[in-house]
Amino acid sequence: MLSPAALQLSPTYYRDNFQQLANQAQRLYHDLLTQQERHWLAAYQRLPLAAQCLYVRLLSRKGQWFRRDKLHYDEIDEIDTAAQQLQEAGLIDIVTLKEIAADDSKLHTFNTQPSELLALFTKAELGQCLSVAGWRTMKREPLLQLVQQQWPENIEKLTHAPLFWVCSQDFLELLQLLFFGHLQQSLTDFVLSDLGIYRYEQYELSTAQRLFQQRQQLEAHWQFERWRQDLPELKSLSADALQDLLDSLPHAVDTTMARRVERIRLQLARQLERCGEATAALSYYQQCQRHPARERRLRILHQQKDPQRLELAQQMIEAPWSEEERVFTQRFVARMKSDPLAKMLEPAADISQQQLLLDEQGNTLWRERGVEFAALQSYVDEHGGSGFYIENTLFTAVFALTFWPVLFAAVPGAFFHPFQQRAADLYEADFRSRRQDIVAECEAVWQAGPDDWWSQLQQTWQEKNGLANPLLHWPALESCWQELLPLAVQRIPTAHWRSTFDFLWQDIRRHRSGMPDLIVFPPQGGYRLLEVKGPGDTLQPNQRAWFAQFARHDIPAMVLQVRSS
DNA sequence: GGCTGGTTAG
DNA sequence: TTCACACGTTCAA
DNA sequence: GAACGTGTGTCTCTAACCAGCCAG
Ligand SMILES: [Mn+2]
Ligand SMILES: [Mn+2]
């Protein structure tokens, strides 16, 4: 394990990171940039180091106004010189409150509200400098109201020090978008990685394929990502507001954007349903081609006794979009009381259940560490052997370690910046087929036999330990891995591994969750998966999908109904 | 003077 | 940018 | 019983710093 203290950043780390963003944009996307953007980048690149540093410091802070007298950076000796150079390069403006107060047009030029400038000062400064009677007892809000009313009278008394105005946050945003492909990651990711807080696989970056080919595509993404970022809490929105948002969703310009737009369309439509507008939601669900759009539609149509429900149900039975949808449809249609449809259903696989009564000690464990640990201890006490509380972690981990080279293979477009925890297309349907050769190599290892496979797993576990991977929760397994892995490899038959891996391959995104809580290894050999359920809990849809899969492949899984005695 | 939430930094 | 559980409410059968 | 909403704990990167607020 790397200790964070051992990793030191350069004094100008933030500028160096920004430099990487700028360089990549200029190298890969020069032809997609506007004249203004090119000039901006060129102006930045011509600056001396100290000015670049000051600029990036300011750019990465909130707001566009800064007080000179509040800026202190150890690594920038002459802030005023640097600021002067930035002004000459046209990257910032330097202005005093006196100048702003004297010229009405200044606020307009700087696209600024008085409140943005007042935000630079504390309550005490506002009250004392502007001689507001009784400011000490006022809250900040009413004080601001008062001061704004007398704007611009006397405001120069707040400070004689210059103010810096930085307007090009948009450009930084553009660089982020070009580098990461979205706006969720930022310069912070460089730091966290350099500090060793996040550690990423050293995959090979894809240079052949750009994220954006045309300015129009770039603009569409930019606008959408910004819109997405500013989206308010859905819960706070009225039905009308939701409909407006739904109607203003953009047309996607590529499959990536289409996926993101549709995800939001589903969320908005679902929220619209919660507002009691089920009928309106129907038409939005109809535009969606992914789960749970048809599930929601079928529920609504059924509730409204709409005749169309039969046709929809039939389509869903015949060609489900996902295992979760298939499992839902099978159960739901059974309750729809439609003879023709009922004939189309698969025979329902029964899920074996067992009761588990907890003693006094078990009840204590339940309260203190959760129902799963209580069930685990009680079961192992009674039946002997050993057991582990693993939920999704064991199977996704063994899968990820077995196919590690596949997950991080350098396929065109899969990796385009150094801070990805997964390939861009990991959750796409053709992920596996695009890497078929490497899949075959990895399968050869695990099918070579338990010993070869086991040592390969151990080696990858050691080698990759701690590297970011959505299928691997390292800390959760750390304490039990050495004990658990040999048992798992010996006791779980190859055929079961195969069907489990196949199921994961089928839909990595959805099938990474829903696996049972416990795995137990009885003294007489074999293994068993146990899903623990307290009194008020039943199988979730994704858990049903896994249990259906277990039934198809004779994998020993059951539900443990836990009751306290 | 303690508590809290937002911002900044590495 | 999670995942799962517990608990309470509502609704329909 | 089914479906749903909500709160909770787990996970969250962490710590310093600052302003605002309020109880005493
Ligand atoms: Mn669970
Ligand atoms: Mn459970």
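Residues numbered from 1 in each chain as written. Chains lettered and ligands numbered in written order. Predicted model: local features only at pLDDT ≥ 70, side-chain atom pairs only at ≥ 80, totals over all residues. Heavy atoms only, no water.

As named in an unreviewed UniProt entry, chain A is phosphodiesterase I, taken from Bacterioplanes sanyensis. Looking at the Catalytic activity (unreviewed entry) heading of the UniProt record, one finds this comment for chain A: "Hydrolytically removes 5'-nucleotides successively from the 3'-hydroxy termini of 3'-hydroxy-terminated oligonucleotides." As recorded by UniProt, the Sequence similarities (unreviewed entry) comment attached to chain A reads in full: "Belongs to the FAN1 family." (UniProt positions renumbered as here; feature names shortened; annotations may be inferred.)

Participant: I'm lost on the coordination of the manganese ion (ligand 2) in this one. Help?
Facilitator: When four donors bind a metal tetrahedrally, each ideal donor-metal-donor angle is 109.5 degrees, and when six bind octahedrally, the ideal angles are 90 or 180 degrees. Protein ligation of the manganese ion (ligand 2) involves Asp517 (OD), Glu531 (OE) and Val532 (O), the donor distances falling in the range 2.0 to 2.2 Å. Counting along the primary sequence, the residues that act as donors to the manganese ion (ligand 2) give the motif D-x13-E-V. (Donors = N, O, S within 2.8 Å, 3.2 Å for Na, K, Ca; no water.)

Participant: Looking at this structure, how should I read the protein's contact with DNA strand D?
Facilitator: Among the 16 residues in the neighbourhood of DNA strand D, the closest are listed as Arg140, Tyr198, Arg274, Arg296 and Arg335. The share of sugar and phosphate among atoms of DNA strand D within 4 Å of the protein is 86%. Between DNA strand D and the protein, one listed contact pairs a phosphate oxygen with a side-chain N or O atom of Arg274 at 2.3 Å. Within the side chain of Arg296, a nitrogen or oxygen atom sits 2.6 Å from a phosphate oxygen of DNA strand D. Counting only elements with at least two residues in the surface near DNA strand D, the list comes to helix 11 (187-194), helix 14 (255-274), helix 16 (293-303) and helix 18 (323-334). Counted by class, the surface near DNA strand D contains four nonpolar, two polar and 10 charged residues. (Near = heavy atom within 4 Å. Polar contact = N/O pair within 3.5 Å; in protein donor to acceptor, adjacent residues only side chain to side chain. Helix = DSSP H or I, 4+ residues; strand = E, 2+ residues; numbered from the N terminus. Nonpolar A, V, L, I, M, F, W, Y, C, P; charged D, E, K, R; others polar.)

Participant: Looking at this model, I keep getting lost on the sheet that holds strand 5 (residues 386-389). Mind explaining?
Facilitator: Working definition: the strands of a sheet are paired by backbone hydrogen bonds and lie parallel or antiparallel to each other. Strand order in the open sheet formed by five strands is 4-8-7-6-5, and the pairing between neighbours is mixed. Looking at which strands have only one partner, the edges of the open sheet turn out to be strand 4 (353-358) and strand 5. Taking the axes of each pair of neighbouring strands and ignoring which way they run, one obtains an average angle of 30 degrees across the sheet. In this sheet, strand 8 (residues 557-564) lies alongside strand 4 in parallel orientation, the contact comprising six bridges. When the bridges of strand 8 are listed, Gln353 appears paired with Val559. Lying over the sheet, helix 21 (residues 371-383) contacts strand 4, strand 5, strand 6 (518-521), strand 7 (528-533) and strand 8, oriented at roughly 95 degrees with respect to strand 4. (Pairing = 2+ DSSP bridges. Axes fitted to C-alpha atoms, helices over the stretch in contact; angles between N-to-C directions. Contact = heavy atoms within 4.5 Å.)

Participant: Could you clarify how one ought to interpret the pattern of salt bridges in this entry?
Facilitator: Where side chains of opposite charge bring their charged atoms close, a pairing between them can arise. Across all of its chains, the model carries 33 salt bridges by this definition. Between Arg210 and Asp31 there is a salt bridge whose closest N-O contact spans 2.8 Å. Of this pair, Arg210 sits in the loop between helix 11 and helix 12 (215-229) while Asp31 sits in the loop between helix 1 (13-29) and helix 2 (35-46); the two residues are 179 residues apart in sequence, bridging distant segments of the chain. Taking the shortest distance from any N to any O, the salt bridge between Arg432 and Glu443 comes out at 3.7 Å. Here Arg432, found in the loop between helix 23 (404-407) and helix 24 (436-447), pairs with Glu443, found in helix 24; they are 11 residues apart in sequence, far enough to count as distant. Connected through shared salt-bridge partners, Glu323, Arg326, Glu346 and Arg552 make up one network. (Salt bridge = Lys/Arg side-chain N within 4 Å of Asp/Glu carboxyl O.)

Participant: For this particular structure, what's the right way to read the packing of aromatic side chains?
Facilitator: With the rule as written, the count across this model stands at 42 aromatic pairs. Aromatic pair Trp446 and Trp453: ring centres 5.6 Å apart, planes at 45 degrees, arrangement tilted. One aromatic cluster is present, built from ring pairs that chain together Phe395, Phe399, Phe403, Phe431, Trp446, Trp453, Trp497, Phe501 and Trp505. A cation sits over an aromatic face here: Arg294 above Trp321, 4.0 Å from the ring centre. When the ring centre of Phe373 is taken as reference, the NZ or CZ atom of Arg369 above it lies at 4.0 Å. (Phe/Tyr/Trp six-rings, centres within 6.5 Å; stacked < 30°, edge-to-face > 60°. Lys NZ or Arg CZ within 6 Å of the ring centre and 35° of its normal.)

Participant: I tried to follow the protein's contact with DNA strand C on my own but got confused; where do I start?
Facilitator: Neighbouring DNA strand C are 16 residues, the closest being Arg263, Glu372, Asn392, Arg512 and Gly514. Counting only the atoms of DNA strand C that lie within 4 Å of the protein, the sugar and phosphate share comes to 100%. Arg512 places a polar side-chain atom, nitrogen or oxygen, 2.6 Å from a phosphate oxygen of DNA strand C. Within the residue set of the surface near DNA strand C, elements represented by two or more residues are helix 21, strand 7 and helix 30 (541-552). Looking at the surface near DNA strand C residue by residue, the classes come out as one nonpolar, six polar and nine charged.

Participant: Can you walk me through helix 30 in this structure?
Facilitator: Side chains of residues three or four places apart in an α-helix project in the same direction, reflecting 3.6 residues per turn. For helix 30, which comprises 12 residues, the first-to-last C-alpha distance of 17 Å matches the rise-based estimate of 16 Å (1.5 Å per residue) to within 8%. Of all 12 residues in helix 30, nine are buried; the element is thus mostly enclosed. Where helix 30 is concerned, the buried positions are Asn542, Gln543, Arg544, Ala545, Trp546, Phe547, Ala548, Gln549 and Phe550. Where helix 30 is buried, its residues meet helix 18, helix 28 (494-506), helix 29 (508-511), strand 7 and strand 8. The positive-phi residue at the C-terminal boundary of helix 30 is Asp554, with phi of around 55 degrees. (Expected span 1.5 Å × (residues − 1). Buried < 20%, exposed > 50% of the residue type's maximum accessible area, 1.4 Å probe, protein only.)

Participant: I tried to follow helix 20 (residues 360-369) on my own but got confused; where do I start?
Facilitator: What helix 20 keeps buried is the set Gly362, Asn363 and Leu365. All buried residues of helix 20 project into a common sector of 160 degrees when viewed along the axis, lining one side. Projecting away from the buried face of helix 20 at angles above 90 degrees are the exposed residues Glu360, Arg367 and Glu368. The elements touched by buried residues of helix 20 are strand 4, helix 21 and strand 8. Sitting at the head of helix 20, Asp359 places a side-chain oxygen 3.2 Å from the backbone nitrogen of Gln361. Downstream of helix 20 by a residue or two, Gly370 has a phi angle that is positive, lying close to 105 degrees. (Arc of directions from axis to C-beta.)

Participant: So what exactly am I meant to see when it comes to the coordination of the manganese ion (ligand 1) here?
Facilitator: Listed as protein donors to the manganese ion (ligand 1) are Glu391 (OE) and Asp517 (OD); their distances from the metal cover 1.9 to 2.0 Å. A gap of 3.5 Å separates the manganese ion (ligand 1) and the manganese ion (ligand 2), which Asp517 links by coordinating each metal. Residue Glu391 is found in the loop between strand 5 and helix 22 (393-402), and its partner Asp517 is found in the loop between helix 29 and strand 6; the two are separated by 126 residues along the sequence. For Asp517, a relative accessible area of 2% gives the class buried.

Participant: I'm lost on the domain arrangement of chain A in this one. Help?
Facilitator: Accessible area lost when the parts come together is the quantity often used to give the size of an interface. Taken domain by domain, chain A consists of domain 1 (4-173), domain 2 (215-344) and domain 3 (353-564). For domain 2 versus domain 3, the distance between C-alpha centres works out to 30 Å. Taken together, the contact between domain 2 and domain 3 spans eight residues of the former and 12 residues of the latter. Considering only the side of domain 2, the residues that lose the most area to domain 3 are Glu323, Glu324 and Val327, jointly responsible for 55% of the buried surface there. Counting across the interface, domain 2 meets domain 3 through two salt bridges. Residue Glu323 pairs with Arg552 through a salt bridge whose shortest N-O separation is 3.3 Å. Where domain 2 packs against domain 3, one counts three residue pairs in polar contact (both at pLDDT 80 or more). The leading source of residues in the side of domain 2 that touches domain 3 is helix 18, at five residues. Here the side of domain 2 that touches domain 3 is built from residues that sort into one nonpolar, two polar and five charged. (Domains from an automatic or database assignment. Buried area = accessible area lost by both parts, 1.4 Å probe.)

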